[in-house]
Amino acid sequence: MTNASRLFGRVLPVAAGALFAALSGCATDPHARVALPPAPEEPGSVQTARTQSTELFFSGKALALAGESDCARGAFRDALETFRAAARPGNPADLAFATELFDSIALYRPAIEAGSRVAEAERPPAEDPRDSLVATAPLPSADEIERAKKEVAAAPAGSGFDIPIVVNDAVLRAVAFYQFRTPMAFAAALKRSGRYMSLMRGILKEEGVPEDLVYVAMIESAFKYQAHSRAAAHGFWQFIPGTGKRYGLKRTASYDERSDPVKSTRAAAAYFRDLYEMFGDWHLAMAAYDAGEGKILRSLQRTGARDFWDLSAGSTLRRETRDYVPFVLATALIARDPARFGFDVVPDSPLSWETVTVKKSTDLSRVAELTGNTLPDLQLLNSELRTRSTPHGVPSYELRVPAGAAALLAPRLASLPSAPAVTEKRIVVKKDESLQKIARRAGVSVAELCDWNDLPRTAKPKKGTVLVVPTKRQAAPHDALVSASSSPKGEIRGVPTPAAAVTRASDVGPFTSVPATAVPSRTAPAALVRVPLPSRISIPDEGFVDTPPGHAGAQAPQVVRHTVRAGDTLYAISSRYGVSVDEIRRQNHIRSPQALRTGQTLVLSLATVN
């Protein structure tokens, strides 16, 4: 597809009124055709036909993304027919426009064929609380919220954002949650952010969307490439398989591009461009990223809400989606100045690499031997790989190696033997078999079993289910496996305590941010870019309701004791403290979740999330 085709498909703004009118008609009659604009006054009125075809294209695009497949087909068909009737045979300009129109419509063929995305379940957070910063119940205490207000109020001047920052009670609850409920999990994500932050920001900037959308990746995965949810969302940006495929992310038994920081970020940027075109509002685009376009479109239609905050005040959105945008904004506020909010973290060093073209499947452990690096370093750089070798059956593969290693490796590649093919075997689940028992019987780890079958770690396969597992392969050299990564490591030095506070909650710092409806600068005509930027972030009309500060005790630095209460579950406890269920069970010798007793005291080492 040409650059002009992509430009046609993504640049022009969609008219919200026409969009919702089209959706309303199709929601009641899936076979209804989008009403055609008045026909051109004469066959030669090419410009009018172009305008009408463009409007029909954007109606069709919005319908396709919202899952109205039949209506989308009708709109796209009408767009083609409207221009065909007015096009001048042999005219180069008309031929170019027709080609762009056809290619742009072809972009949305997979969405139409996939049917309605509305039917997809809203994506839950990653199943391991350490793999996501999206909480299921952000309910910090009044004292914790008050301290968060004071921290935000004391934020320094000059902090600019290119996403719209709003500070209201929902955002302050999210800030307090990260500070006082899951501080170690958030600190660990800040530490990992050093590897990817500059890389992802650069890609988002190249793709013409706000750089601060990087905080969506931070809350989705905590910058863990292997993060996985029970809805099969995976990777840095937590793409589910269907959406990942729609935006060009490939997935095979050998690799999953959702785990690649470069490819997944470009896909996320393209997705956000489309979401912005649909909604014209960055907060609604973020909500749609979490819940799905169809869910947000229908909720707006049903409620008549003007923006995300109006929509979240109602009951049409699930709790997770109502909290999603506040979590993104809270993450942006804290990550821009962690020390102000009590986080003393040294980030990991940014990833840097060179690429070497390998023309046969190559074992990463052999590459580690030749270059004097470690297997963990190579796996981190090539995080899309699902096995320990480069893919079989491809003409070539661009292998990433640490900076400075390419010249050392290139002349030695020919001497490396081809990695043995990873063959599969199928096993049938027996009655009452857990993932651990299945993995033990198959001779693989639970992680491998889940990755090969796209299962969450909490799955309970039914009897008779057929699973695929890799057969055993030659072991890697001992040194390559046991060596720790040689990359410079960051460090978590401190997490928030109640001590850091300022006296007033109403003096919110003079941040700058774009309006919620700001148009991406690269993808919109200059006349549509919204200027100027506001000098202060938005404050609710009613202001903040001050709560008298309490006398909270000092927070334990590393180890806490939790007394189990009626209704507590291991997952709820893990979500609260940012420690995995497995870690809680290991530390407290719990063999079964059913063994949890009311009144039992659990000892939790928060340092385990480092």
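Residues numbered from 1 in each chain as written. Predicted model: local features only at pLDDT ≥ 70, side-chain atom pairs only at ≥ 80, totals over all residues. Heavy atoms only, no water.

*Asks:* What am I meant to see in the overall build of the protein chain here?
*Replies:* Check the secondary structure of the protein chain and you find 24 helices and 8 strands. In the protein chain, buried positions account for 52% of the 610 residues. A sequence separation of at least 24 residues applies to 74% of the contacts in the protein chain between residues at least 6 apart. When the accessible area of the protein chain is evaluated, it comes to approximately 26,900 Å², of which 54% is carbon and sulfur surface. (Helix = DSSP H or I, 4+ residues; strand = E, 2+ residues; numbered from the N terminus. Buried < 20%, exposed > 50% of the residue type's maximum accessible area, 1.4 Å probe, protein only. Contact = heavy atoms within 4.5 Å. Areas by Shrake-Rupley, 256 points an atom, 1.4 Å probe, with all protein chains shown as cover.)

*Asks:* Is there a simple way to think about the confidence of the model for the protein chain in this case?
*Replies:* A low pLDDT score tells you not to read the predicted coordinates there in detail. Here the protein chain averages 75 in pLDDT, and 69% of its residues register 70 or above. When the criterion is pLDDT under 50, residues 1-25 qualifies, and its contacts beyond four places in sequence or with other chains add up to 50 contacts. Across residues 522-557, confidence stays below pLDDT 50; counting only partners more than four residues off in sequence or on other chains, it has 68 contacts. (pLDDT = per-residue confidence, 0-100.)

*Asks:* In this structure, what is going on with the packing of helix 12 (residues 261-279) against helix 14 (residues 293-303)? I would like to understand it.
*Replies:* When two helices pack together, their arrangement is given by the angle between the helix axes and by the axis-to-axis distance. Two elements in contact, helix 12 and helix 14, have axes whose closest approach is 12 Å; the angle formed by their N-to-C orientations is 15°. Classified by the angle between their axes, helix 12 and helix 14 sit roughly parallel to one another. As for how helix 12 packs across helix 14, the hand of that crossing is right-handed. The residues of helix 14 that touch helix 12, namely those facing Y271, L275, M278 and F279, are E293, I296, L297 and L300. (Axes fitted to C-alpha atoms, helices over the stretch in contact; angles between N-to-C directions. Parallel < 35°, antiparallel > 145°, perpendicular 65-115°, else oblique. Left-handed = near helix turned anticlockwise from the far one by under 90°.)

*Asks:* Quick question: what am I supposed to make of helix 21 (residues 446-453) here?
*Replies:* Every α-helix winds through 3.6 residues per turn, so residues three or four apart in the chain are directed the same way. Those residues of helix 21 that fall on the buried side of the exposure criterion are L449, C450, W452 and N453. An end-on view of helix 21 places all buried positions within 165° of arc, on one side of the element. Those residues of helix 21 that are buried lie in contact with strand 4 (424-428), helix 20 (435-442) and strand 5 (466-470). Here helix 21 starts with a cap whose side-chain oxygen sits 3.1 Å from the backbone nitrogen of E448, and that cap is S445. Just beyond helix 21, the residue with positive phi is D454, at close to 55°. (Arc of directions from axis to C-beta. Polar contact = N/O pair within 3.5 Å; in protein donor to acceptor, adjacent residues only side chain to side chain.)

*Asks:* Quick question: what am I supposed to make of the packing of aromatic side chains here?
*Replies:* Any aromatic ring pair is given by two values, namely how distant the centres are and how the planes are angled relative to each other. Per the counting criterion, the structure on display carries 17 aromatic pairs. The interplanar angle of 70° and the centroid separation of 5.1 Å between the aromatic rings of F57 and F58 together place this pair among those described as edge-to-face. Here F57 and F58 have matching classes, each one buried. Ring geometry for F186 versus F343: centroids 5.2 Å apart, planes at 45°, classification tilted. Residue F186 is located in helix 9 (residues 183-206), and its partner F343 is located in the loop between helix 16 (319-336) and strand 1 (344-346); the two are separated by 157 residues in the primary sequence. Classification of F186 as buried rests on a relative accessible area of 0%. (Phe/Tyr/Trp six-rings, centres within 6.5 Å; stacked < 30°, edge-to-face > 60°.)

*Asks:* Even after reading the chapter, I still don't get the nonpolar core, so can you show me in this structure?
*Replies:* The tendency in soluble globular proteins is for nonpolar side chains to be buried as a group. One finds Y178, L213, W237, F272, F279, Y289 and I296 to be the most contacted residues of the largest nonpolar core, which totals 82 residues. Every residue in contact with L213, bar those within four places of it in the chain, is listed here: I163, L204, W237, F272, W282 and M286. Within the second largest apolar cluster, 18 residues are counted, among which are V46, F57, L101 and Y108. (Core = buried A, V, L, I, M, F, W, Y, C linked by side-chain atoms within 4.5 Å.)

*Asks:* I keep staring at the pattern of salt bridges and nothing clicks. Help me out?
*Replies:* Note on pairing: side chains with opposite charge can pair once their charged atoms come close. Applying the stated criterion to the full structure yields 25 salt bridges. The partner of R84 in a salt bridge is E81, and the shortest N-O contact between them spans 2.9 Å. Highlighted residues: R84 and E81, both in helix 4 (residues 69-86), separated by 3 residues, approximately one helical turn. The class of R84 is exposed, set by a relative accessible area of 55%. Salt-bridge contacts for R400 lead to D260; the nearest nitrogen and oxygen are separated by 2.9 Å. With R400 in strand 3 (residues 397-402) and D260 in the loop between helix 11 (241-246) and helix 12, this pair connects stretches of sequence that are 140 residues apart. A residue is classified by how much of its surface remains accessible, and R400, at 10% relative accessible area, is buried. Take D260: its relative accessible area is 2%, and that puts it in the buried class. Here the residues in one salt-bridge network are R201, E211, D212 and R336, joined through shared partners. (Salt bridge = Lys/Arg side-chain N within 4 Å of Asp/Glu carboxyl O.)

*Asks:* Teacher, can you tell me more about the side chain of T316 here?
*Replies:* With respect to the element layout, T316 can be found in the loop between helix 15 (308-312) and helix 16. Residue class for T316 comes out buried when judged on its relative accessible area of 16%. Residue contacts for T316: discarding those within four places in its chain leaves K295, S299, R302, T303 and L311.

*Asks:* I tried to follow unusual backbone geometry on my own but got confused; where do I start?
*Replies:* Both trends apply: most residues other than glycine have a negative phi, and most peptide bonds are in trans. Of note, F223 is a non-glycine position whose phi angle comes to about 60°, a positive value. For D432, which is not glycine, the phi torsion reads 60° and is therefore positive. Locating D432 in the fold gives a position in the loop between strand 4 and helix 20. The exposure class assigned to D432 is exposed, which follows from its relative accessible area of 64%.

*Asks:* How should the packing of helix 9 against helix 12 be read in this particular structure?
*Replies:* In contact at an axis separation of 9 Å, helix 9 and helix 12 are set at 40° when each is read in the N-to-C sense. In terms of their interaxial angle, helix 9 and helix 12 are classed as oblique. Seen along the crossing, helix 9 lies across helix 12 with a hand that is right-handed. Within the contact between the two elements, helix 9 uses Y196, L199, M200, I203, L204 and E206 and helix 12 uses P261, V262, T265, R266 and A269.

*Asks:* What exactly am I supposed to notice about helix 14 here?
*Replies:* Those residues of helix 14 that sit buried are E293, G294, I296, L297, S299 and L300. Taken from the residues just after helix 14, G304 is the one with a positive phi, measuring 70°.

*Asks:* Explain the environment of Q238 to me, please; I cannot follow it from the model alone.
*Replies:* With respect to the helices and strands, the residue Q238 is situated in the loop between helix 10 (214-221) and helix 11. What makes Q238 buried here is its relative accessible area of 2%. Through-space distance from the C-alpha of Q238 to that of D290 is 9.5 Å; in sequence the pair is 52 residues apart. Of note is the side chain of Q238, whose polar atom sits 2.9 Å from the backbone oxygen of G235.

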